[in-house]
Amino acid sequence: MWRTTVGHLMQSAADTPALRATLLAKLKQILVQERAEITQMILAEHIDSFLSDIIKFLLTCFKDLASRQKCCECLSELGAIDPGRLDINLLPDFNCEEPEKSALVKRLTEDYLFKLLKKAVCQAQAGYAIQELFHECGCTGELVTKHCSSQGCSRQQPDERDRGALALWNSFRPDVRDSLNPYLSSKYSLRENATQPDLPIFKQKIEYRSWVVTWTAHLIGVFHTLYLGNQENRKLACSPIFYACRQVISYDIDTALFILPLLVLNVIRSGTTEMRNDILAEINAVLEGCKTFVDHPKHTVSINDDGQLCTQEVFYVVAWLTKWAETTGAQASARARVKRTATAATRGSAPRDQDVAQVVGMLSQIQQLQIAKASLNYKAYARSLMHLENHLRTLSKQQVELQNQEPTKMRRRKHEVPKLLRDDCVKLLVSENAEFLQKIFCGLDDPDSLSGLARLRQKTSLCEQILDHESTGEWNEALTCYEQACQYCASHSTDYKAYLQGRLKCLRNLGRWGTMLSLITSEVSQPSASGVAIPSELVSYGVQASWRLGDWARLESFLAAPTCPSDWECSLGRCLLSLQSESVDFTKNLAAACGNLTAPLTAASCESYQRAYPSLVKLHILQELEQAQRYKNASAAEVWRQRLAITQPSFKIQEQILNVRRLMCRIFRVPEEEATHWLSIAKTARCGGQFQIAYNALQQAIYCNGLTAAPANTQTALKYRLEEAKLAWAEGRQIAGITLLKKAMTSRFAEATSSCDDSYKETVTEVHELMAKVCVTLGKWTQQTGNAYHSIMPFYIQATIFNDKWEKGHFYLAKFMDSNLVYFRDTQSMMKVPVEQIESQCSDLVKTLSEYGKALTYGHCFLFYSLSRLLTFWFNFGYHAVSWPEGLHGESSSKHVEKQKVRIAQHISSVMQSIDSLTTTLPSYVWLCGLPQLISHICHRNSAVYNTLLVILQKVLTDYPQQTIWQMIALCQSQNALRRQRAEEILHGCDKRDVPKLYHECSRLCKQLLTLCTLPLQCKTSGSQKMTMSSDPALRPLLDMHDLSLIVPLQRYLTASLPASGKTDRSFSPFPSQLPTLKSICDEFTVIRSLTKPRKVTLTTSLGAECPFLCKPRDDLRRDARLMEIATVVNKLLKNDPDARKRKLYLRTYAVIPLNEECGLIEWVEHTNGLRPIVSQLLGDSAVQASVVRSILDPKNPDTFDIVLHKQPPIFYKWFLQTFPEPSAWFEARQTFTHTVAVMSMLGYIVGLGDRHGENILIDLSTGAAVHVDFNCLFWKGEKFELPERVPYRLTPNIVDAFGLLRYEGVFRRVAEITLGLMRVNTDTLVSVLETLVYDPLVEWGREQHDKSPSETENVDAVTTIRKIASVLKGRLDKSASGSQNCFTEQLSVEAQVNQTIEAATAKENLVQMYIGWMSWI
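Remember, predicted model here, so these are calculated numbers, not experimental data.

The next thing to look at is the overall build of the protein chain. Helix and strand counts for the protein chain come out as 68 helices and 10 strands. In the protein chain, buried positions account for 55% of the 1418 residues. Sequence-distant contacts in the protein chain: of pairs separated by 6 or more residues, those separated by 24 or more amount to 73%. Element-wise, carbon and sulfur atoms account for 50% of the exposed surface of the protein chain, whose accessible area totals about 61,700 Å².

Here it is in structure tokens:
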């Protein structure tokens, strides 16, 4: 209900600005009331897009000055939600098209002038503008009355001009027409008061509004002058439209901002050289206004809001012109290619080409480096990076051309290796501009790029060293550098002040507040500073140190200083001081602090949520301050815990929140809570690698509550000792960490175990939870240090005793026991198990399965690992246990053998019973997550296993019939008779009423889709061809299928979500209650140009949406389905990992539905285009033909690859500039591209994915993400080609160049390491997904023999392949797995393995040997 109300509120607020503040106040009330549910939505596995819509709405409302305060209040109630959990695009549509005359009039009138009619102050000016616009278009009252009114409808056909005027009038909404009707015949006039401004208009401290209005009015006058001199020129036809708005822009800046880029464009292409120079001078004047660009890393530029907004507008105009030139030039080139003849091409495109040339010439005079520096000063880091890269790319191109040009008197040899390679030139330029790039990457909070820059940099200056240390959190090292720098600077110099601020920042980040105050005091007390006011920067640092120390007297003195700035720290200090003193000024100070955040939020609302996030964290803090003051206490532990959980899991963010919280606890005298917050700070600092701060926080946790080194309170003591031990372990003092935990456990063991009786099973105290954590931590640590089995096992067992309902305790116990099941870990070992070991191993297996089952019962944090291992053990055990009792023999008496058989049979029965019990204990959605593994074993030869499997599958089918049927339907079409029989037995045996109907519909649909797949089609053209089903009798039954109960098999409808709480919930529903069903199938389908001629069909849902799918014949899509299952698991792992979530790492997945062993259905990936078509379009006529490349490349000479690259340099980076002209969108898209390429490269590497040519890698046109398709060449199949593939994945020049100037260093490398590291940790989980191929092998793996088998058999090729994948995951490489000439027998680290694959993927020796169709130079 509240969602509907909020939706109405947002719509009403958007439509009625006058009521926006009132509606936002109501929205805040709802957010407060529904806080618990909203928090659950935020922490859910898949966050509800409705929350993103709310936040986007609130941020866009910042454009309204009157609504900003209320927006801040609503955002503070929501809290600083982790950007990694949201998908918010704040950027407006960047439309650079020049509208036609009528379209321009419509938009100006309807979107701008119509709204101004309601404002009395400018009603006359708006009315005059509308009147003149209608007059210019010939839209008169007489014409409208004659042809549009019911009384005066004329039979006479209007002429062409009148038809255009009537079309314009009818295009307005009815309510708009009613308001505009009087202006069709009005006779307003204006009193001209125009004055010529002095050029350039921009001056220091000019108001933004004044500058925009004055410049726009000036350009209107200039353009009108051109029009009066040549009214026949069609380029000047829009001048009267702009001239009509010459006075209304003084009252409405939005109108001025809309027409400003259009005016600049028209004056550039139609004006004189002097006019163009005036525009250039205006742009340069704005950019020069922020020319302060110094080399000190800690220099801060004080920039007023008006100057920043002026610069932002100049940035927008330049970007708009750049996009217009690129788009218009591309359109002209396309027309020229289509027309073919030189005369037609010239006649059609010459005027446009001339316009483009004028704009490009103008833009070339604006230095990219100047814009980059200005952007950096205004903290527009993405824009700065974009223009700096453009500058360096241009510079490198010039240098390469200069070095490689032909000598005057010497003819160059054909296909000569270039003297200077472009990559070498770029690396040199990057090194020379390293400090500039460092500042940009620091501003973007991009540590990956900073690490990559450090690898490329050839020399390091002091400032660069400092930035390196700061970016990696090495504050002690940075402090040392600053102190050294201060020794060589005069105390009154600018350098010294900058380095002094750097020292203070380091001390702040080290938590050495007392030292900060001492340093500030010593600086202020120097003789040279006597009689001089304290610098505002020192006051700000003094305020920070004072309130963190709780030194209220010192804080008050700093805040009373005349130079005290109005920055965030001082505003927060005033709030805390008034809270401590219970001053009546608290509300006023809080409002002032909130008001200071509106300016940065307004600027960020036009760019990205990430840029707004630091300000949202501050709003988060202010809301908690307000709540604490209102209720006069700080006892909101649960609410604060939830609010902290939604924030970005980084020390930089959470440290601010926790420090304010612990100070509030001190103000309200709650020492126990203050100690808890100090421990939280210690934990956050430890996880962030800030060990010194963590140690200081631990000491404060003792002293703030008057505790001793051994606190009396068991709960507090355990928390302290656990954190103290973890800190020791993190610092590399492993033995000290274990010793500390053992002491804590020994001293508190008796007290904790005294309550572990029968009543404890119902309620678990916090002490028991802490003891369980201590035990698990000790178990993990002693296991890592190589202790014996008997010394580790008791820790894990004791953890489950202390907290029997804790998933983590049971999981780690099961995992440890799993590692010791020597003979049951895989099929090969199980076949060799000695008879004397069967009993003991069976007993351990029962316990292991029981613990995995309990872990699944109590939570799902380790669901995929636990479930995959449980099923693997069960199926493998059942497969081989059938022959164990019969295989017993030996020298023992027959009586002894019989007893042994009985005992083994009992153990086998115990294993089966442990699984049987889970069929009722675990909810169906848990089994659904392992459905592919379950389905692959329906031909299991052990009847007991199959009977239990039948129960599980029918349970899942009963609860989730839609999803299960789509995954099982292929079994009903299997060539294996037993597989078909058992699949039908499962489907027919389900007693749910709607299952037979769904099965019947799905079976009919699949048969018809198979008919479409296998139907011979005669294509008349070489390209893709559209056809209709109604024209072929064989396809009409498919067309006749409509109004089915079956859901459309989209990936998002087939993948189960999990409870946000992390605990297993039997009442949880993993899918929405209403999913769209199949309404009909479109008549038209497309036959794609390909060897197999796949068919693209469109399914229409019950909601009216059209969902395209690809019916693919002659391809075993179970291979694609397995890879998508692995990708889904990898996405889960990435989402749960803090580092991966911060970078928003993911793989684009889509549904793959095998219909049988040879055909299937693939969800069409919309809004994409292939890498090769994009590059070909960018190259145009300059593309080097493949035949030329073939004549140059020599597989035995890697240098020939450089020749090809010199002739065809990388160009794909331009696609990002053209598609995403707004810098923030450009940076986000490029990061997304780099991330997705890195993640998929690692996944493809471990499964031997090949044939990654430019058609099989798609690019998402809306996000820039790389999407891989067509996984036919899997499991190192490419190594068996006639020309074997030499690279582990595609990392060709165009892809590498699109990563940016750092290439694969930095972002790509770090993301690859994160991804491979996660997959290595979860090797067993990933391998279990592929184990389905062991018992349901691919056609190419000798499936004919498998189909003839009466029961389940193992496929040798599948087992070998899976073993190879596991080996690659663990870093044990060989030549075939790595593509390298080296052989590795030892396990490589993740970093070394990633580096080895990068070298193999980019080596010219490998790329030059790839087959020509792969296009290794693209």
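So, next bit.
Before going further, it helps to spend a moment on the nonpolar core. Phe1212, Phe1233, Ile1246 and Leu1291 are the most contacted members of the largest nonpolar core, which has 246 residues in total. Per-element accounting of this core gives the leading share, 13 residues, to helix 59 (residues 1223-1246). With sequence-adjacent residues up to four places away left out, Phe1212 is seen in contact with Leu1171, Ile1174, Val1175, Leu1178, Phe1233, Ile1259, Asn1294 and Ala1298. Of all hydrophobic cores here, the second largest spans 117 residues; its members include Leu31, Phe50, Ala478 and Ala604.

What follows deals with the packing of aromatic side chains. Considering all chains together, one arrives at 29 aromatic pairs under this definition. Aromatic ring contacts, followed pair by pair, group Phe1212, Trp1215, Phe1216, Phe1220, Phe1233, Tyr1289, Phe1299 and Phe1308 into a single cluster. Above the ring of Tyr946, the side-chain terminus of Arg982 is found at 3.9 Å from the ring centroid. A cation over an aromatic ring shows up here: Lys1096 above the ring of Trp1164, its NZ or CZ 4.2 Å from the ring centre.

With that settled, the discussion passes to the packing of helix 53 (residues 1118-1136) against helix 59. Running from N to C, helix 53 and helix 59 cross one another at 130 degrees; their axes reach a closest spacing of 12 Å. If you check the angle between helix 53 and helix 59, you find them oblique. For helix 53 against helix 59, the interelement crossing comes out right-handed. Side by side, helix 53 and helix 59 meet where Leu1123, Ile1126, Ala1127 and Leu1134 of the first sit next to Val1239, Met1240 and Leu1243 of the second.

To continue, consider the pattern of salt bridges. Under the definition given, this model contains 38 salt bridges. Residue Arg686 pairs with Glu723 through a salt bridge whose shortest N-O separation is 2.5 Å. Of this pair, Arg686 sits in helix 34 (residues 671-687) while Glu723 is found in helix 36 (residues 714-730), placing the two residues 37 residues apart along the sequence. Of the residues examined, Arg686 reaches a relative accessible area of 14% and is grouped as buried. Between Lys1112 and Asp1115 there is a salt bridge, and its shortest N-O distance comes to 3.1 Å. The pair Lys1112 / Asp1115 is uniform in exposure class, with both members buried. Each of Glu389, Arg393, Arg1230 and Asp1297 takes part in a single network of salt bridges with overlapping partners.

For the rest of this paragraph, the subject is the confidence of the model for the protein chain. Overall, the prediction assigns the protein chain a mean pLDDT of 81, with 85% of residues at 70 or greater. Within the protein chain, no element has a lower average pLDDT than helix 66 (residues 1375-1378), which sits at 44, and none a higher one than helix 61 (residues 1307-1321), at 93. Within the model, pLDDT remains below 50 along residues 408-412, and this stretch shows 4 contacts once partners closer than five positions in the same chain are excluded. Considering only residues more than four positions removed or in separate chains, one finds that residues 707-711, a stretch of pLDDT under 50, has 8 contacts.

The strand order across the open sheet built from 3 strands is 8-9-10, with neighbouring strands paired in antiparallel fashion. Strand pairing shows two members of the sheet lacking a second neighbour, strand 8 (1168-1170) and strand 10 (1266-1268), which therefore form its edges. Each adjacent strand pair in this sheet contributes to an overall mean axis angle of 35 degrees, direction not counted. The sheet strands contacting helix 55 (residues 1171-1179) are strand 8 and strand 9 (1257-1260), and the helix crosses strand 8 at an angle near 75 degrees.

This brings us to the packing of helix 28 (residues 568-580) against helix 31 (residues 609-631). The N-to-C vectors of helix 28 and helix 31 enclose an angle of 10 degrees; their axes lie 11 Å apart at closest approach. Classed by the angle they form, the pair helix 28 and helix 31 counts as roughly parallel. The segment helix 28 lies against helix 31, with Trp568, Leu572, Cys575, Leu576 and Leu579 engaging Lys618, Ile621, Leu622, Leu625 and Gln629. Taken together, the residues of the contact of helix 28 with helix 31 break down into 8 nonpolar, 1 polar and 1 charged.

This paragraph deals with helix 20 (residues 434-443). Of all 10 residues that make up helix 20, 8 are buried, and the element is covered over most of its length. A positive phi of about 55 degrees marks Asp445, the residue just after helix 20.

Parameters and conventions
Residues numbered from 1 in each chain as written. Predicted model: local features only at pLDDT ≥ 70, side-chain atom pairs only at ≥ 80, totals over all residues. Heavy atoms only, no water. Helix = DSSP H or I, 4+ residues; strand = E, 2+ residues; numbered from the N terminus. Buried < 20%, exposed > 50% of the residue type's maximum accessible area, 1.4 Å probe, protein only. Contact = heavy atoms within 4.5 Å. Areas by Shrake-Rupley, 256 points an atom, 1.4 Å probe, with all protein chains shown as cover. Core = buried A, V, L, I, M, F, W, Y, C linked by side-chain atoms within 4.5 Å. Phe/Tyr/Trp six-rings, centres within 6.5 Å; stacked < 30°, edge-to-face > 60°. Lys NZ or Arg CZ within 6 Å of the ring centre and 35° of its normal. Axes fitted to C-alpha atoms, helices over the stretch in contact; angles between N-to-C directions. Parallel < 35°, antiparallel > 145°, perpendicular 65-115°, else oblique. Left-handed = near helix turned anticlockwise from the far one by under 90°. Salt bridge = Lys/Arg side-chain N within 4 Å of Asp/Glu carboxyl O. pLDDT = per-residue confidence, 0-100. Pairing = 2+ DSSP bridges. Nonpolar A, V, L, I, M, F, W, Y, C, P; charged D, E, K, R; others polar.

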